[in-house]
Amino acid sequence: MKNLKIALTKGRLETGAVEIFEGAGIDCSELKHKGRRLVFHQEQNNLDFFLAKANDVITYVEHGVADIGIVGKDTLMEAGKNYYEVVDLKIGKCKFIVASKKGINLYSGYNQKKIATKYPEVARKYFDEKGLDVEIIKIEGSVELAPILGLADAIVDIMETGTTLKENGLVVLEEICDISARIIVNVASLKMKKEEIEALINKIQDYVEGQN
Ligand code: PRP
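Residues numbered from 1 in each chain as written. Predicted model: local features only at pLDDT ≥ 70, side-chain atom pairs only at ≥ 80, totals over all residues. Heavy atoms only, no water.

(A) Spatial organisation of the site of the ligand. The full set close to the ligand counts 13 residues, and Lys118, Glu144, Asp157, Thr161 and Thr164 are the nearest of them. Asp157 places a polar side-chain atom, nitrogen or oxygen, 2.6 Å from an oxygen atom of the ligand. Between Thr161 and the ligand, the recorded distance is 2.5 Å, taken from a side-chain N or O atom to an oxygen atom. Considering the ligand on its own, with 500 Å² of exposed area, one finds that the protein chains cover 73% of that surface. Judged by the fraction of its atoms near the pocket grid, the ligand is located in the largest pocket. Counting only elements with at least two residues in the shell around the ligand, the list comes to strand S9 (154-159) and helix H7 (163-167). Residues belonging to the shell around the ligand are distributed by class as follows: two nonpolar, six polar and five charged. (Near = heavy atom within 4 Å. Polar contact = N/O pair within 3.5 Å; in protein donor to acceptor, adjacent residues only side chain to side chain. Areas by Shrake-Rupley, 256 points an atom, 1.4 Å probe, with all protein chains shown as cover. 1 Å grid on protein atoms, 1.4 Å probe; cavity = no way out; pocket = protein on both sides within 12 Å on 5 of 7 lines; lining within 4 Å. Sits in = over half its atoms within 2 Å of the grid points. Helix = DSSP H or I, 4+ residues; strand = E, 2+ residues; numbered from the N terminus. Nonpolar A, V, L, I, M, F, W, Y, C, P; charged D, E, K, R; others polar.)

In structure tokens:
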């Protein structure tokens, strides 16, 4: 059985991803009690797990350092496409939205509107398709601050529960699309480790389908 290296996104998706691996019959007890460790070897199935930031999961998979990655569709939509996207894990469900202060109309007036976001590619593509010429301002986090402080007219961001928007007095103006976590696979790995990857993905897929 060839070894598979799996990059998991640290943080929000972590618990759900571990639950899915366990549901697919893969013991993840070490991962569940990980402390600050980032790398785990799972002897039984010859798997190596490591934890990385979402964007870096894609980088590791694209470079073949990881055979498989688990990462949110939001990050995938913003990044390159040098990998196969194979399974929708149906966890980490959220939406891409346009939000702002109540009463803002992005389509009125002649001034170019400013959009703050952690996702400039997604925002650019969305407004291009709408035919609205906007200025995109890249922000690293706490994007909700931008319309409050007057940096931007609106934001493009992900919304999960809606609490952050609500508690900061913002409302959804438009819904862009649904998002969830996906499995991605390195292009060469899918050929070189076809049997192992397909076996693992089938187990995961069966589990996910049974849950939904
Ligand atoms: C994300 C997103 C929103 C929030 C939405 O930020 O950018 O701010 O979560 O979640 P909610 O609808 O459940 O309130 P994240 O927590 O990843 O932090 P960041 O702003 O520092 O990137």
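From this point, the discussion proceeds with the structure in view.
(B) Layout of the side chain of Thr9. Mapped onto the secondary structure, Thr9 falls in strand S1 (residues 4-9). A distance of 2.6 Å separates a polar atom in the side chain of Thr9 from the backbone oxygen of Ile70. Not counting residues within four places of it along the chain, the set of residues in contact with Thr9 comprises Glu14, Ala52, Ala54, Val57, Ile70 and Val71. (Contact = heavy atoms within 4.5 Å.)

(C) Layout of the pairing of strand S8 (residues 134-138). As paired elements, strand S7 (residues 113-117) and S8 share five bridges and run parallel to each other. Within S8, the residue paired with Ile115 across the bridge is Ile136. Of the crossover connections in this fold, the one passing from S7 over helix H5 (residues 120-130) to the parallel S8 is right-handed. (Pairing = 2+ DSSP bridges. Right-handed = clockwise from strand over helix to strand, strands pointing away.)

(D) Local environment of the sheet that holds strand S10 (residues 170-179). The strand order across the open sheet built from five strands is S8-S7-S9-S6-S10, with neighbouring strands paired in mixed fashion. Each having just a single partner strand, S8 and S10 make up the two edges of the open sheet. Between one strand axis and the next, the sheet turns through 25 degrees on average, direction left out of account. Contacts between H5 and the sheet are confined to strand S6 (94-101), S7, S8, S9 and S10, with S8 contributing the most and set at about 170 degrees to the helix. (Axes fitted to C-alpha atoms, helices over the stretch in contact; angles between N-to-C directions.)

(E) Fine view of the layout of surface pockets. Its boundaries defined by the atoms lining it, the largest pocket holds a volume of some 1000 Å³. Considering the residues around the largest pocket, the lining is formed by 36 residues, among which Arg12, Asp74, Lys118, Tyr119 and Ile158 are closest to the centre. Every element with two or more residues in the lining of the largest pocket is listed here: helix H3 (54-62), helix H4 (73-78), S6, S9 and H7. For the lining of the largest pocket, the class distribution of residues is 12 nonpolar, 13 polar and 11 charged. For the lining of the largest pocket, the two domains that each supply at least three residues are domain 1 (4-92 + 180-211) and domain 2 (94-178). (Points joined across faces, edges and corners; volume = space filled by probe spheres on them. Domains from an automatic or database assignment.)

(F) Quick peek at the packing of aromatic side chains. Under the definition given, this model contains four aromatic pairs. Here the aromatic rings of Phe96 and Tyr119 are separated by 4.8 Å at their centres, their planes lie at 85 degrees, and the arrangement is edge-to-face. Residue Phe96 is located in strand S6, and its partner Tyr119 is located in the loop between S7 and H5; the two are separated by 23 residues in the primary sequence. Per residue, the accessibility class of Phe96 equals that of Tyr119, and both read buried. (Phe/Tyr/Trp six-rings, centres within 6.5 Å; stacked < 30°, edge-to-face > 60°. Buried < 20%, exposed > 50% of the residue type's maximum accessible area, 1.4 Å probe, protein only.)

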